[in-house]
Amino acid sequence: VDFKIDGFGNVLQLATDGTVRKARESELFHNGKFYELDEWKGVKVNKMLELGNSIAFVTSDSLHLLDSRLKQVGAVALELKYKVASAMRKGTHLYVGFVGGGCVCYDLKTGQSMRLNGVSTQISVTSIYQGSQDIIWMGTDGKGVVQLFPFRSSFHTVEIANPVRCFCQDDCGNILVGTKGS
């Protein structure tokens, strides 16, 4: 059994048989009753995920995004080979971490998906968090932490054997490097 509370006062219970039940947080302590979600009757939900204030349901082949009334507002088709471990929404992008399957970024506008470079498909991404400066942090199962930066580095290293002493620019805009030695 799993429980989640969204940012809208919904308390959700996922039973071992895949049934999802709901109670309002304000009513839970008065009557303690959970009610099955009508639109999800007969659908086996494998996992519930928190996405900020909202909730997502994972079924055998899709991840379903829900609104404050627990109505589906979007879905992405998943790679059936891997089990979903984590997810994070950033604007129109949904980052999904898989057990033994790396991480995939889904564009919710275009429906396209892209595997993240630098995150091997052999790595289990168990948690995803957006930190300050738009850096995405991914916790892995035994492989440490992976950081995804929102920009490409503007730095590029050129290997030179001799110590660099000065720079100048010629009339064509080329940068000349002055070194010590031959």
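Here is what the cut-offs are and how they apply
Residues numbered from 1 in each chain as written. Predicted model: local features only at pLDDT ≥ 70, side-chain atom pairs only at ≥ 80, totals over all residues. Heavy atoms only, no water. pLDDT = per-residue confidence, 0-100. Helix = DSSP H or I, 4+ residues; strand = E, 2+ residues; numbered from the N terminus. Patch = residues over 30% accessible without salt bridge, like charges linked within 9 Å, V, L, I, M, F, W, Y side chains within 5 Å. Areas by Shrake-Rupley, 256 points an atom, 1.4 Å probe, with all protein chains shown as cover. Salt bridge = Lys/Arg side-chain N within 4 Å of Asp/Glu carboxyl O. Phe/Tyr/Trp six-rings, centres within 6.5 Å; stacked < 30°, edge-to-face > 60°. Buried < 20%, exposed > 50% of the residue type's maximum accessible area, 1.4 Å probe, protein only. Pairing = 2+ DSSP bridges. Contact = heavy atoms within 4.5 Å.

## What to know about the confidence of the model for the protein chain
Argument step 1. For the protein chain, the average pLDDT comes to 86, and 93% of its residues sit at 70 or higher.
Argument step 2. Across the protein chain, element-level confidence peaks in strand β7 (residues 62-66) with a mean pLDDT of 94 and bottoms out in strand β16 (residues 164-169) with 74.

## Quick look at a nonpolar patch on the surface
Argument step 1. There is a patch of nonpolar side chains on the surface, built from Val164, Phe167, Ile175 and Val177 and spanning about 380 Å² of accessible area.
Argument step 2. Breaking the nonpolar patch down by element, the ones donating at least two residues are β16 and β17 (175-179).
Argument step 3. Mapped onto the elements of the fold, valine 177 is located in strand β17.

## A word on the packing of aromatic side chains
Argument step 1. Here the structure, examined in full by the defined rule, presents three aromatic pairs.
Argument step 2. Between the aromatic rings of tyrosine 82 and phenylalanine 98, the centroid separation amounts to 6.2 Å while the plane-to-plane angle is 50 degrees, which identifies the pairing as tilted. Here tyrosine 82 is found in the loop between β8 (72-77) and β9 (83-90), whereas its partner phenylalanine 98 is found in strand β10 (residues 93-99), with 16 residues between them in sequence. The burial state of tyrosine 82 is the same as that of phenylalanine 98; both residues are buried.

## Looking at unusual backbone geometry
Most peptide bonds take the trans form, and the phi angle of most residues other than glycine is negative.
Argument step 1. Backbone geometry places leucine 70, a non-glycine residue, at a positive phi of 65 degrees.
Argument step 2. Relative to the elements of secondary structure, leucine 70 occurs in the loop between β7 and β8.
Argument step 3. By relative accessible area, leucine 70 is classed as buried at 1%.
Argument step 4. The phi angle at aspartate 134 is positive, at roughly 60 degrees, despite the residue not being glycine.
Argument step 5. Among the structural elements, aspartate 134 can be located in the loop between β13 (125-130) and β14 (136-140).
Argument step 6. Residue class for aspartate 134 comes out partly exposed when judged on its relative accessible area of 35%.

## Thoughts on the pairing of β16
Residues in a regular strand point their side chains to alternate faces of the sheet.
Argument step 1. The buried count for β16 comes to zero of six residues, which makes it a mostly uncovered element.
Argument step 2. Alignment of β16 against β17, held across five bridges, turns out to be antiparallel. Residue pairing in the sheet places cysteine 166 in a bridge with glycine 178 of β17.
Argument step 3. Counted along the chain from β16 to the antiparallel partner β17, the turn is five residues long, and its residue glycine 173 has a positive phi close to 95 degrees.

## A closer look at the environment of alanine 75
Argument step 1. With respect to the secondary-structure elements, alanine 75 resides in strand β8.
Argument step 2. Remark: the alpha-carbon pair of alanine 75 and isoleucine 136, spanning 61 residues in sequence, is separated by 22 Å.
Argument step 3. Discounting chain neighbours no more than four positions away, the residues touching alanine 75 are Leu63 and His64.

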